[in-house]
There are 2 protein chains.
Amino acid sequence: MTAPFQIHLHQTHHPIGDFESIFTYIKDNFGANRSVAPLAGPHIFPELFLTGYPLLDLCLQRPFIERYLNFIEQLNNWSQQEFQPLKSGAPLGLFLGGLQYTFDAQNYPAKIENAIFLLVPGMPLKHVYSKMLLPNYDIFDEKKYFSPGSSVATITFAEKNIALMICEDMWPSTLHTCNPVHDLQQIMLREKRPFDFVINLSASPYHVGKLGKRLERAKEISHTLAAPFFYCNRVGGEDEILFDGGSFAVNGEKVLGLASQFTTDLLSLELPGPGQYHPPGEKTVNTWESLFEPRIKTAPATMARLREFSPSDCEEIVKGLCFGLQEYAVKTGHRKFLVAISGGLDSSLVAVLAKLSLAPGQVLESIFMPSQFTSSLSYTLASQLARGLEIKMHTLPIKFLHSTVRNAYNDNCGEELNGLADENVQSRLRGLLLYAKSNRGGFLVLNTSNKSELAVGYSTIYGDSVGALALLGDLYKTEVFQLARYINHKYGPMIPEEIISRPPTAELRKDQKDSDSLPPYERLDPILEGILSYRLSLSDLSKMGLPQEEIERTYRLYLNSEYKRKQFSPIIKLKPKSFGFGYRVPICKKMI
Amino acid sequence: MTAPFQIHLHQTHHPIGDFESIFTYIKDNFGANRSVAPLAGPHIFPELFLTGYPLLDLCLQRPFIERYLNFIEQLNNWSQQEFQPLKSGAPLGLFLGGLQYTFDAQNYPAKIENAIFLLVPGMPLKHVYSKMLLPNYDIFDEKKYFSPGSSVATITFAEKNIALMICEDMWPSTLHTCNPVHDLQQIMLREKRPFDFVINLSASPYHVGKLGKRLERAKEISHTLAAPFFYCNRVGGEDEILFDGGSFAVNGEKVLGLASQFTTDLLSLELPGPGQYHPPGEKTVNTWESLFEPRIKTAPATMARLREFSPSDCEEIVKGLCFGLQEYAVKTGHRKFLVAISGGLDSSLVAVLAKLSLAPGQVLESIFMPSQFTSSLSYTLASQLARGLEIKMHTLPIKFLHSTVRNAYNDNCGEELNGLADENVQSRLRGLLLYAKSNRGGFLVLNTSNKSELAVGYSTIYGDSVGALALLGDLYKTEVFQLARYINHKYGPMIPEEIISRPPTAELRKDQKDSDSLPPYERLDPILEGILSYRLSLSDLSKMGLPQEEIERTYRLYLNSEYKRKQFSPIIKLKPKSFGFGYRVPICKKMI
């Protein structure tokens, strides 16, 4: 009886362009000086494992290209000198995602392909496939940088017939003009030779529930190509984009293995014997559109509310936000975090998430900056929160500073500072003090804005909108409530209950409430989601039973606040449609 | 003898999505109630005249789509009911750029084409061509939104054989997989029927000297297709992107007419008779790369300096910046401008540019905010500037506010506010006061950062980096000097000479000079241009005689300041490679 044939999914995690640590990973796992021999079989790595992703303009810049080419040369040398075949004679090969450059006469890149390289002991990297479907919607800009591969590819490795794919190749849609899954199926039918398995090297950005959709689609492909499907995804947080891992293998409907989310993992899975292959099926095929693009499928009446998060959605979000925060901090060299807490919900939730994310040796502190309009309840609740989280709370009253600014302004400008201008001064004084503390102590400032505020511009630019990274910028206010309740239920009462139950307020004037300026969040949020994700017209929204006046007011606020979003910090992406890199709307336009 | 055949180029200017004013333009020029008949012949309009450009996500959003479709329906009705043929029987037709939507079963856009429509009296719009080459580099995202046309098109109008092009179609390059100019040439050769003329509907973003390159390329195409070439370009400022107009016609080497830059224009030009067509030539063909992409063509030794602006470059820049500022102000509903002046060069130049741009009824004011480190010379020079420009200068000292903040911080945080943290507080107090004035009086705040500062992060986020729009963000400091000198020479001594000659300083601590922290600008700027535009490696730069230590320090500063650029305001684009929408570099990455 032969030994079982194993396939290894390396769910790795390296910063973009960190060639040294990428090389170290390979040497540590496959070098000659290991105490045990590497595992036999094919080792699958994520898309662009050799460079990191997304690179954007970096892949055009010569300092980056030179370092990459230098690394590839070292890797080839290492393979030829130190990468040993297994003594057992068992097969060993690495399927590595990387860039394939073609240069012009002046040594500028003429063509860049997002490719799979095969590395076997003693040989240099061999380019075996280039990604055919280049995503170029929303956050994706791949057609800006990469040239598509012209045809699908299969490879024989260890006598197995393997179909090759990179990420988007598994998502043919009307956005693309070819269909690699279909092309592979044609090859299978034409050559009358079954695939032993399919591999997909991915760098698939996270959003809530996406893992389930990847599994669903992978099962379809396993049916279509009548072979097990092995999917290896990247782990990492790159500014706003999270790569969640969750690598897996499926054989028809059966899940053979599933890696963790938001952490590195190594999944070694046995290839099912030929008799266990699922026969080609006539399963309904999901399109990318049906899985991902928000569409109105339900009766209008059911649309007027946001879908509620399930507990597992909430848990995924907590994990994702903690991971994203840590990624940003580590990659920008921070180990201290700072949150301005107000006794309100958003800032409390941000403090809690930061606390949940903390690694040994890291520090979280908070600042409470009361004004003349800050209620004593806010102070009580903020202190209670900080005490509960066991974090330092600095109290920096802005009342005197505020009146000093107001006097200076009145005296020198010959007019009274009042109304919105005066409200904004308070918010900006807080931004200033927060950053004084940040600059003085090397703290990373966490932004506390939510998606509802961002969408309608209910914030002060350079005031409460400051920060290096926004944790809640992809969560509507009603979702902030859901997440807060979930955390209190799951992790113990981290957020004082009254913070959740009190009416939201900015406390920038006497008795101010959010509801003075905005429709109630239970209506505002579905209106916003209708506009942003479902791309509905105002009359569509009206047909869903939402009040016409509130729809129009919301839409106007949304249109007029583009300039604030343009100068906003990166927002950790949790949804298919988020503000941030993939959201591109001009400031200057005719406003209805 | 027949009347001369005229072609009319409508160099128009309408905000994105302002269907009402676009419709009004058509009705005013071609409606039945005009006192004189419309001009006979073909009327050429810019690319996407019917919608505006760039639309980005707007073209996917249903509120926009519904308004557009409604406008198209009205336009068709108008044509059928009110658009009259000329009594003379002479031909009349409008070649209009617009979007061609195809919807799926759920009424979402399945395909969007960037198209030419022909409108003749009594008929609805007829789709005659779709753009083949979709630019998707730098600021362009057209492959995100549009589907390319599959083939070139010609049309017979008024018995003339016309070749059709949209903007990028005239710029085949290695970035594209087909070549419309070549395809048209093949049609010409195959059908043995000459073109009477070629039209190109454009929305071509401005950069310094681009008009000359457009002319150069148009002449080539006129040679290749052996026909006069009529080019109609959009006018407008859309956030950071300027469309400069400068429509023209060429016949071989001869320029038949050239419209103004940065303003609307109507160019009516006679079509040269067939005998005057330029014969097909073997002229060297410029590629997009050779014309636009910065490449090292000269010997390294000559690269170590920036190219100096010519006086006509400077004049174009002054016009462009004034135009861009006014566009932003008008489209966001501002008529009051505010600049924080320091007695330094950048803020002085911004004030001067704003002054030069002012339209009747508009207001420009300035604020001077001295600290304990502000020299009396700064006060003298700032006052002198404001007096010379006849603008109000509010003086708002920050010395007392600064010490109040410092005391509040020290008392409440139990540590001394000092060093960089203390410098930044001054800068942020200025940002706060500037915005207090802005909020109080409805002023548009003009940012005063230059490209050198932006590139190395030599600014305080939420401090001196605030503002709605950056006028100098695409000009290196050495170019700021050139522009200032040009303005003083051309427009009279608007900037006090000592502002230009004194050493640059931020005045945030005693005797501070820019040169304490940065390499001298005459070396810093070429290093930056080498990195940003020429995409050079550090060793390339070193070979150009620039000091290794300065190169490395600059590169490190550049890499580490990405987070500041992410939250920066729109920058009026003056160069092929600018910070802003077309500059896409991750914050999180391995540094060097």
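Residues numbered from 1 in each chain as written. Chains lettered and ligands numbered in written order. Predicted model: local features only at pLDDT ≥ 70, side-chain atom pairs only at ≥ 80, totals over all residues.

Here we look at the overall build of chain A
Working step 1: Helix and strand counts for chain A stand at 19 helices and 19 strands.
Working step 2: Against the 2.2 N^0.38 benchmark of 25 Å for 592 residues, chain A shows a C-alpha radius of gyration of 27 Å, consistent with a compact globule.
Working step 3: Its C-alpha atoms put chain A at 85 × 55 × 55 Å along the principal axes.
Working step 4: Buried positions account for 53% of the 592 residues belonging to chain A.
Working step 5: If you take every contact in chain A between residues at least 6 apart in sequence, the share linking residues at least 24 apart comes to 74%. (Helix = DSSP H or I, 4+ residues; strand = E, 2+ residues; numbered from the N terminus. Rg over C-alpha atoms; globule rule 2.2 N^0.38 Å. Buried ≥ 20, exposed ≤ 12 C-beta atoms within 10 Å, placed from the backbone. Contact = placed C-beta atoms within 7 Å.)

Details of the relation of the copies chain B and chain A
Working step 1: Mapping chain B onto chain A leaves a residual RMSD of 0.0 Å; the transformation is a rotation of 180 degrees accompanied by 0.0 Å of translation along its axis. With respect to symmetry, the two chain copies, as superposed, fit the operation of a two-fold axis. By C-alpha distance to the rotation axis, the residue of chain B lying nearest is Gln567(B), at 2.1 Å.
Working step 2: Both copies share a contact surface, since 100% of the interface residues of chain B are interface residues in chain A too. (Least-squares fit on C-alpha atoms with pLDDT ≥ 70 in both.)

Structural notes on the interface of chain B and chain A
Interface size is often expressed as the accessible area that is lost when the parts come together.
Working step 1: In this assembly, 78 residues from chain B lie in contact with 78 residues from chain A.
Working step 2: Elements with a contribution of two residues or more to the side of chain B that touches chain A: helix H2 (62-82), helix H3 (142-145), helix H7 (311-331), strand S17 (392-395), helix H10 (399-413), helix H11 (419-441), helix H17 (538-543) and helix H19 (562-566) of chain B.
Working step 3: Residue contributions to the side of chain B that touches chain A peak at 14 residues, all from H11(B).
Working step 4: Residue composition of the side of chain B that touches chain A, by class: 40 nonpolar, 16 polar and 22 charged. (Nonpolar A, V, L, I, M, F, W, Y, C, P; charged D, E, K, R; others polar.)

Observations regarding the sheet that holds strand S16 (residues 363-368) of chain A
The pairing of strands in a sheet happens through backbone hydrogen bonds and is either parallel or antiparallel.
Residues and elements named next belong to chain A.
Working step 1: Here 5 strands make up an open sheet; going across it, the order is S17-S16-S15-S18-S19 and the pairing parallel. The two strands at the open ends of the sheet, each matched to only one other strand, are strand S17 (392-395) and strand S19 (469-470).
Working step 2: Contacting strand S15 (336-340), S16, S17 and strand S18 (444-447), helix H11 (residues 419-441) crosses the sheet at an angle of about 165 degrees to S15. (Pairing = 2+ DSSP bridges. Axes fitted to C-alpha atoms, helices over the stretch in contact; angles between N-to-C directions.)

With respect to the pairing of S18(A)
All names here are of chain A.
Working step 1: Neither face of S18 is exposed, since Leu444 and Leu446 on one face and Val445 and Asn447 on the opposite face are all buried.
Working step 2: Relative to S18, S15 is paired through 2 bridges, and the arrangement is parallel. Looking across to S18, one finds that Phe337 is bridged to Leu444.
Working step 3: Where S18 and S19 come together, 2 bridges link them in parallel fashion. Its bridge partner being in S19, Asn447 is matched across the sheet by Ala470.

Overview of helix H13 (residues 477-491) of chain A
Residues and elements named next belong to chain A.
Working step 1: In a regular helix each residue adds 1.5 Å, so 15 residues correspond to 21 Å; H13 covers 21 Å between its end C-alpha atoms and thus fits that length.
Working step 2: Those residues of H13 not exposed but buried are Lys477, Thr478, Glu479, Val480, Gln482, Leu483, Ala484 and Ile487.
Working step 3: One or two residues past the end of H13 sits Gly492, with phi positive at roughly 90 degrees. (Expected span 1.5 Å × (residues − 1).)

Quick word on unusual backbone geometry
Working step 1: Geometrically, the link from Tyr53(A) to Pro54(A) is a cis peptide bond, its omega value of -5 degrees lying close to zero.
Working step 2: The phi torsion at Asp239(A) lies on the positive side, around 55 degrees, for a residue other than glycine.
Working step 3: On the basis of neighbour counts, which here come to 29 C-beta atoms within 10 Å, the residue Asp239(A) falls in the buried class.
Working step 4: Here the phi dihedral of Lys192(B) falls at roughly 50 degrees; this positive angle occurs in a residue that is not glycine.
Working step 5: Within the element layout of this structure, Lys192(B) appears in the loop between helix H4 (180-191) and strand S8 (197-202).
Working step 6: Lys192(B) gets classed as exposed once you count the C-beta atoms within 10 Å, which come to 6.

Comments concerning the nonpolar core
Working step 1: Residues Val198(A), Phe230(A), Val198(B) and Phe230(B) are the most contacted members of the largest nonpolar core, which totals 329 residues.
Working step 2: Dropping the residues within four chain positions of it, Phe230(B) is found in contact with Ile7(B), Leu9(B), Ile44(B), Phe197(B), Val198(B), Ile199(B) and Ala249(B). (Core = buried A, V, L, I, M, F, W, Y, C linked by C-beta atoms within 7 Å.)

Overview of the domain arrangement of chain A
Residues and elements named next belong to chain A.
Working step 1: What the domain assignment lists for chain A is domain 1 (8-292) and domain 2 (302-566).
Working step 2: The centre of domain 1, based on its C-alpha atoms, is set 39 Å off from the matching centre of domain 2.
Working step 3: Across the boundary between the two partners, domain 1 contributes 10 residues, which contact 10 residues of domain 2.
Working step 4: Sorting the residues of the side of domain 1 that touches domain 2 by element identifies strand S10 (235-238) and strand S11 (241-244) as the ones contributing at least two each.
Working step 5: Per-class residue counts for the side of domain 1 that touches domain 2 are 5 nonpolar, 4 polar and 1 charged. (Domains from an automatic or database assignment.)

Concerning the environment of Pro576(A)
Working step 1: Within the fold, Pro576(A) resides in the segment after helix H19 (562-566).
Working step 2: Along the backbone, Pro576(A) and Lys210(A) are 366 residues apart, and their C-alpha atoms lie at a distance of 9.0 Å.

Structural notes on helix H9 (residues 376-389) of chain B
Residues and elements named next belong to chain B.
Working step 1: Spanning 14 residues, H9 covers 20 Å between terminal C-alpha atoms, matching the ideal 20 Å at 1.5 Å per step.
Working step 2: The complete set of buried residues in H9 reads Ser378, Leu381, Ala382, Leu385, Ala386 and Leu389. The buried side chains of H9 occupy one side of the element, clustering within an arc of 130 degrees when seen end-on. Residues Ser376, Leu377 and Arg387 are exposed on H9 and point more than 90 degrees away from its buried face.
Working step 3: Close packing links the buried residues of H9 with helix H8 (345-357), strand S16 (363-368), S17 and helix H14 (497-501).
Working step 4: Just downstream of H9 lies Glu390, where phi reads positive at about 55 degrees. (Arc of directions from axis to C-beta.)

Some words on the confidence of the model for chain A
Residue and element names in this part refer to chain A.
Working step 1: With 94% of its residues at a pLDDT of 70 or more, chain A has an overall mean of 93.
Working step 2: Across residues 296-301 the pLDDT falls below 50, and counting only partners more than four positions away or on other chains, this stretch makes 7 contacts in the model.
Working step 3: Predicted complex metrics record ipTM = 0.94 and pTM = 0.95. (pLDDT = per-residue confidence, 0-100.)

Points about the sheet that holds strand S9 (residues 229-233) of chain A
Residue and element names in this part refer to chain A.
Working step 1: The strand order across the open sheet built from 6 strands is S6-S7-S8-S9-S12-S13, with neighbouring strands paired in mixed fashion. Because the sheet does not close on itself, it has two edges, and the strands there are strand S6 (154-157) and strand S13 (254-258). Pairs of neighbouring strands in the sheet enclose a mean axial angle of 25 degrees, with direction left out of account.
Working step 2: Bridge count between strand S7 (residues 160-166) and strand S8 (residues 197-202): 5 bridges; the pairing is parallel. By the bridge assignment, Ala163 is partnered in S8 with Val198.
Working step 3: Packing of helix H5 (residues 210-225) onto the sheet brings it into contact with S7, S8, S9, strand S12 (248-251) and S13, and relative to S12 it is tilted by some 40 degrees.

A look at the packing of H4(B) against helix H5 (residues 210-225) of chain B
Residues and elements named next belong to chain B.
Working step 1: With their axes 9 Å apart at the nearest point, H4 and H5 run at an angle of 25 degrees to one another. By the angle class used here, H4 and H5 are roughly parallel. In this structure, H4 uses Val181, Leu184, Gln185 and Met188 to contact H5, whose residues at the interface are Ile221, Thr224 and Leu225.
Working step 2: Its residues assigned to classes, the contact of H4 with H5 comprises 5 nonpolar, 2 polar and no charged. (Parallel < 35°, antiparallel > 145°, perpendicular 65-115°, else oblique.)

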